[in-house]
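# Examining the three-dimensional arrangement
The lines below spell out each chain.
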Amino acid sequence: MRLCLFDPGLEDNEGSPSHNLGDLIIHAAVRRELKRIFGDGEPLKISTHARVSWKALKEAGTCDHLIVGGTNLLSSNMRHYKQWEINVFQAWKIRRAVLFGVGWWQYQENPDLYTRLVLRAALSKTALHSVRDDYTRQKLESIGFTNVINTGCPTMWPFAEFDFSKIPTTKADAALVMLSDYTKAPELDVRLLETVAGTHKKVYFWPQGRGDLDYVRSLSIPVIALEHSMKSLEDFIHSGVAFDYVGTRLHGGIYCMLAGKRSLVLRIDNRATEISRETGFPTVARDDFESIQRWILKSEPVRVSLNTGAIDRWRMQFKTSSCL
């Protein structure tokens, strides 16, 4: 069984990791599930961020399955906004890709003609496609794909067997903040940092994106900055520091909660909004400081709900030949 993975965790097709470390969190979740389904074999990996060569597409065509692994790859105008770097001619070469935990970029109008052509060419007509929320499912359904199921984001699938009783409901001594360099709101973000600094003894900052650290420094609120690496986040989580996560980075928040940390994501786009609505993951509007303050002091017990039936259906399809 040979597998091709269109991978958001690669910045290019030379093996460089994505500068957005949230892509690496998604990549790890995708690889975890693919290993569970297909075993330990190493897939052919093609970056979703870089233009793909015809040689790579030819090799992908020899694979038994072509998986598109997560993140905000789809939009209503894929000619001009390309999170998945393919054109209509390459899409015809791909033909039978299967979506895995993929989402739609922002709330948008209906897909345009070019986008419909790309997706109808690239995506399998028979396999079950896994999307992270119902909004994405509806967008794909609007262009004729009825073989789409809402499984939630694969980064969250471990919550199906998670012990939520270990998530605290009261304030920790420290806070870990994450902000997004691509949705800057200096007044709101300064107020957030001041709020967190006023309630916690120490405030740490982890830069998930390449420009996050420069942005937080421009706000002139002292924080203890961690390095821009997954290792620095892992080391901090396992350092013994008791902390609450508060921030605009969704996958950073999911990662912290999976480590048993109290986490609150501030909504800046459709991802957190849709995931919160469907799963109950704790989120709040970015400017709702009354709710942020209340959560910091004491939060409700957490329970994240997943559609495990849909998850199992997506996994099990690969045990048959129906998706080829």
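Before any of the text, the structure's been laid out above.
This is a predicted model, so every value here is computed, not measured. (Residues numbered from 1 in each chain as written. Predicted model: local features only at pLDDT ≥ 70, side-chain atom pairs only at ≥ 80, totals over all residues. Heavy atoms only, no water.)

Where burial is concerned, most of helix H9 (residues 250–258) is hidden: 8 out of the 9 residues are buried. Turning to H9, its buried residues are Leu-250, His-251, Gly-252, Gly-253, Ile-254, Tyr-255, Cys-256 and Met-257. Looking at the buried residues of H9, the elements they touch are helix H1 (21–38), strand S7 (174–178), helix H8 (230–237), strand S10 (243–247), strand S11 (263–267) and helix H10 (270–279). Where H9 terminates, the next one or two residues include Gly-260, which has phi positive at roughly 90°. (Buried < 20%, exposed > 50% of the residue type's maximum accessible area, 1.4 Å probe, protein only. Helix = DSSP H or I, 4+ residues; strand = E, 2+ residues; numbered from the N terminus. Contact = heavy atoms within 4.5 Å.)

What follows deals with the layout of surface pockets. Volume-wise, the largest pocket comes out at about 620 Å³. Along the walls of the largest pocket sit 28 residues, with Asn-20, Asp-23, His-49, Gln-83 and Tyr-182 positioned nearest its centre. Looking at the lining of the largest pocket, the elements with two or more residues in it are H1, strand S3 (65–74) and H9. At 3 residues, H1 tops the list of elements feeding residues into the lining of the largest pocket. Across the lining of the largest pocket, the residue classes break down as 5 nonpolar, 14 polar and 9 charged. When its volume is computed, the second largest pocket comes out at roughly 180 Å³. Forming the walls of the second largest pocket are Arg-32, Glu-33, Arg-36, Trp-157, Pro-158, Ala-160, Glu-161, Thr-308, Ile-311, Asp-312 and Arg-315. (1 Å grid on protein atoms, 1.4 Å probe; cavity = no way out; pocket = protein on both sides within 12 Å on 5 of 7 lines; lining within 4 Å. Points joined across faces, edges and corners; volume = space filled by probe spheres on them. Nonpolar A, V, L, I, M, F, W, Y, C, P; charged D, E, K, R; others polar.)

Turning to the pattern of salt bridges, a few remarks are in order. Per the counting criterion, the structure on display carries 20 salt bridges. Taking the shortest distance from any N to any O, the salt bridge between Arg-51 and Glu-85 comes out at 4.0 Å. Taken as a pair, Arg-51 in the loop between strand S2 (44–47) and helix H2 (54–60) and Glu-85 in the loop between S3 and helix H3 (88–94) lie far apart in primary sequence, 34 residues in all. What makes Arg-51 exposed here is its relative accessible area of 56%. Looking at Glu-85, the relative accessible area reads 17%, which means it is buried. (Salt bridge = Lys/Arg side-chain N within 4 Å of Asp/Glu carboxyl O.)

As a further point, take the nonpolar core. With 49 residues, the main nonpolar core has Met-156, Phe-159, Leu-176, Phe-281, Val-304 and Trp-314 as its most contacted residues. With near-sequence residues (within four places) excluded, Leu-176 lies in contact with Tyr-204, Phe-205, Trp-206, Leu-226, Leu-233, Phe-236, Phe-243, Asp-244, Tyr-245, Val-246 and Cys-256. Of all hydrophobic cores here, the second largest spans 35 residues; its members include Leu-44, Val-52, Leu-74 and Leu-99. (Core = buried A, V, L, I, M, F, W, Y, C linked by side-chain atoms within 4.5 Å.)

This part takes up the sheet that holds S11. To summarise the sheet geometry, strands pair through backbone hydrogen bonds and adopt either a parallel or an antiparallel arrangement. A sheet is described by the order of its strands in space; here 6 strands give the open sequence S9-S8-S7-S10-S11-S12, paired in parallel fashion. Edge positions in the open sheet fall to strand S9 (224–225) and strand S12 (283–285), since each of these has one partner strand only. Alignment of strand S8 (residues 202–205) against S9, held across 2 bridges, turns out to be parallel. Residue Tyr-204 lies in a different strand from S9, and its bridge partner there is Ile-224. Seen against the sheet, H9 touches S7, S10 and S11 and runs at an angle of roughly 165° to S11. (Pairing = 2+ DSSP bridges. Axes fitted to C-alpha atoms, helices over the stretch in contact; angles between N-to-C directions.)

A few words on unusual backbone geometry. Backbone geometry places Gln-106, a non-glycine residue, at a positive phi of 65°. Following the sequence through the fold, Gln-106 ends up in the loop between strand S4 (97–104) and helix H4 (113–122). In this structure, Ser-220 takes a positive phi of about 60° despite not being glycine. With respect to the helices and strands, Ser-220 occurs in the loop between helix H7 (212–218) and S9.

Turning next to the environment of Tyr-245. By the secondary structure assignment, Tyr-245 is in strand S10. Sequence separation between Tyr-245 and Met-257 is 12 residues, and the spatial gap between their C-alpha atoms is 8.3 Å. Excluding residues within four positions of it along the chain, Tyr-245 makes contact with Leu-176, Met-178, Gly-252, Gly-253, Cys-256, Arg-262, Ser-263, Leu-264, Val-265 and Trp-295. Within the structure, Tyr-245 has its side chain in polar contact with the backbone oxygen of Arg-249 (distance 2.7 Å). (Polar contact = N/O pair within 3.5 Å; in protein donor to acceptor, adjacent residues only side chain to side chain.)

Don't take any of this as a statement about function, it's just geometry.
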